[in-house]
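Here are the chains, one letter per residue:
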There are 2 protein chains.
Amino acid sequence: METIKKNLTERRSRSMIQITDPRIEGYLMKLQPEDDAQILAMEEKAREMKFPIIDRLVGRFLHLLTRLKQPKLVVELGSGFGYSALWFARALGEGAKVVLTEYAEKNIAYARQMFEEEGLADKAEFRVGNALEIGQEYDNIDILFIDIDKYQYPAALEAMLPRLAQNALVIADNTLWYGRVVEENSNKDSEAVKRFNELMFSRSDFFTTIVPLRDGVLLSYRI
Amino acid sequence: METIKKNLTERRSRSMIQITDPRIEGYLMKLQPEDDAQILAMEEKAREMKFPIIDRLVGRFLHLLTRLKQPKLVVELGSGFGYSALWFARALGEGAKVVLTEYAEKNIAYARQMFEEEGLADKAEFRVGNALEIGQEYDNIDILFIDIDKYQYPAALEAMLPRLAQNALVIADNTLWYGRVVEENSNKDSEAVKRFNELMFSRSDFFTTIVPLRDGVLLSYRI
Ligand SMILES: C[S@@+](CC[C@H](N)C(=O)[O-])C[C@H]1O[C@@H](n2cnc3c(N)ncnc32)[C@H](O)[C@@H]1O
Ligand SMILES: C[S@@+](CC[C@H](N)C(=O)[O-])C[C@H]1O[C@@H](n2cnc3c(N)ncnc32)[C@H](O)[C@@H]1O
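Residues numbered from 1 in each chain as written. Chains lettered and ligands numbered in written order. Predicted model: local features only at pLDDT ≥ 70, side-chain atom pairs only at ≥ 80, totals over all residues. Heavy atoms only, no water.

### Remarks on the site of ligand 2
Residue and element names in this part refer to chain B. In the region of ligand 2, 20 residues are neighbours, and I54, S84, E102, A131 and D147 sit closest. The contact in question runs from a nitrogen atom of ligand 2 to an N or O atom on the backbone of Y103, over 3.1 Å. Take Q152: an N or O atom from its side chain is 3.0 Å from a nitrogen atom of ligand 2. Contact with the protein chains hides 96% of the accessible area of ligand 2, taken as 600 Å² for the molecule alone. (Near = heavy atom within 4 Å. Polar contact = N/O pair within 3.5 Å; in protein donor to acceptor, adjacent residues only side chain to side chain. Areas by Shrake-Rupley, 256 points an atom, 1.4 Å probe, with all protein chains shown as cover.)

### Overview of the site of ligand 1
Residue and element names in this part refer to chain A. Of all residues adjacent to ligand 1, which total 20 residues, the nearest are I54, S84, E102, A131 and D147. Between a nitrogen atom of ligand 1 and a main-chain N or O atom of G78, the distance comes to 3.0 Å. The separation between a nitrogen atom of ligand 1 and a polar side-chain atom of S84 is 2.9 Å. Burial of ligand 1 by the surrounding chains reaches 96%, relative to a free accessible area of 610 Å². A per-class count over the shell around ligand 1 returns ten nonpolar, seven polar and three charged. (Nonpolar A, V, L, I, M, F, W, Y, C, P; charged D, E, K, R; others polar.)

### Observations concerning the relation of the copies chain B and chain A
Note on the identical chains: chain B maps onto chain A by a rotation of 180 degrees and an axial translation of 0.0 Å, with an RMSD of 0.0 Å. Within this description, the copies of the chain are treated as partners about a two-fold rotation axis. (Least-squares fit on C-alpha atoms with pLDDT ≥ 70 in both.)

### What about the packing of aromatic side chains?
Residues and elements named next belong to chain A. Counted by the stated rule, this structure contains 13 aromatic pairs over all chains. Where F51 meets F81, the ring centres are 5.0 Å apart and the plane angle is 40 degrees; that geometry is what we call tilted. Here the residue F51 occupies a position in the loop between helix 3 (37-49) and helix 4 (56-69), and F81 occupies one in the loop between strand 1 (73-77) and helix 5 (83-89), the gap between them amounting to 30 residues. Relative to F196, the ring of Y153 has its centre 5.2 Å away and its plane inclined at 75 degrees; by these criteria the two rings are edge-to-face. In this pair, Y153 sits in helix 8 (residues 153-160) while F196 sits in helix 9 (residues 188-202), placing the two residues 43 residues apart along the sequence. Taken as a pair, Y153 and F196 share a single burial class, namely buried. (Phe/Tyr/Trp six-rings, centres within 6.5 Å; stacked < 30°, edge-to-face > 60°. Helix = DSSP H or I, 4+ residues; strand = E, 2+ residues; numbered from the N terminus. Buried < 20%, exposed > 50% of the residue type's maximum accessible area, 1.4 Å probe, protein only.)

It is worth stressing that arrangement in space is one thing and function is another; only the former is reported here.
Spelled out as C-alpha cells, the structure:
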C-alpha cells in the first residue's frame, strides 16, 4: 500500500496531462458546497493520508448515475475507507445495498463507522478480503464499480462478467491512468488499463464510453 | 446564425482552457470507432459548416445516460440538424420518442432525412420554431436537453420546469462556456450560463452536477 501511494503521487505529478483546469475545478466546487459531515471528514482524511479516493466531482457523478439507474445491488471492488461507497449509498432506494470490499481491515472499520454516523449502515455490507473472490459471491449485480490495483482490472472483468444483471452498469475509475495510456514507456499498470479498455470496447453486448472526468471514468452499459 | 458561429469560433480559439488533451481525445476516438453512416455524415457536415454540434464523446455519453434512464419522452431545445437527437433516438426503447426543436427549417429537413435513412423517423417529432414555445406543448418530459443560444438558458429553465416528469433528467450543454464562466470580462452569454448554473444548483428538489466533459455538461436529476 505504501508503494502504491508513492507511485500514485509520482504519477500524478509526472503526468503531462492536465485533466481539469484548476479554476474550473474551483468554480465547480463553489457551485456545489458540501455540508455532509462524513463526506467532509473522509475528504480531509484522504488529503492527510494522501489516499487515492475518487474526488467530489466523481463522487457526485456516481451518485447521479446511481439515482438514474436505481439499482438493487451495487458491488465495489476496492473500497478503501468507503468514500465512493458513501456516494453510492446516499443514492440508493428502499431495500438496495452496496457491498464494500477491501484488503485493509482498518479501512473497512472506518467505513463502517462513517456509514453508522450517516445512518446508512443498513444499506451496506462491509467485507474484508480479496475483492475478486468476494465479488463472485454475488449475483445480479446492477452496478459494478472497479477501483482496485490497476493491473488487476482485466482479471476483475473476467471474474465478474458472469455476475452481472441484465442492463448492468460497469463503472471503472482511472481508465486514463493519469494520461499514461497514451505515453510511450508503459508499465504493468498502464498496460493492464489499456487491455481492460480494449476488452470493454470490443464487446458488442456492452455500450461503452469513457468520460474524461478527472482520471477517466469508464461507463459500460450491458445491452 | 452567422454571428453565432463566428462568436463561437472566436471563443473557442480565445479560450484559455484546454478541456481534454488532444492525445487523450485521440485515444478515445480510436477505442470507439464509428461505422454508422448517418453519424459520420453529420460529423462531416458539422466540420464543413463549422456548426457547433455536441461531439462524439458527448454524443456517446448522452446515449449511455438515455439507456440508463429509459425515458418515454425526450425534448431537445435547439436541435440544429439533429446530431444530438440521433444519439438520443438510437438509445430509445419501444414507443419512446425524441422531440426536435429548431428555428432553421432546412436544418430540421436534413435531420428528418437522416432519421429516415437510419430507420428512426418513427421515434422522432420534427418541429420548426421557437424551442421555448414548442417545448411547453409537452408534459411529463423524462429528459430535457438544452442546447439553444446561451442567453436563453435561464428563461428556458423557467418555462420548462413545470413540464418535467417525476425523476426527470435535465441535461444542458456548454455550461462551462469554453471557460468563460471563470473569466473576468463577462458578456450576456457567460452571465446567463452562470445564472443558469446557480439556479440549478440552488434547487434542493434537483441533484445537480457538471461533468467537465468538452465544454461542460450539466446533469440535474429531479428528486
Ligand atoms: C483507489 S483505492 C479505493 C478508493 C475508493 N474506491 C474511494 O474512492 O473511496 C483502492 C483500494 O483497493 C484496495 N485493493 C486493491 N486491490 C484489492 C483486491 N484485490 N482486493 C481487495 N482490496 C483491494 C486497496 O487496499 C485500496 O484501499
Ligand atoms: C448548438 S446548436 C444545436 C446543436 C445540436 N444540439 C447538436 O448537438 O447536434 C443550437 C441550435 O439552436 C437553434 N436555436 C437557438 N435558439 C433557439 C430557439 N429559441 N428556438 C429554436 N431554435 C433555437 C440554433 O438555430 C442552432 O441551430
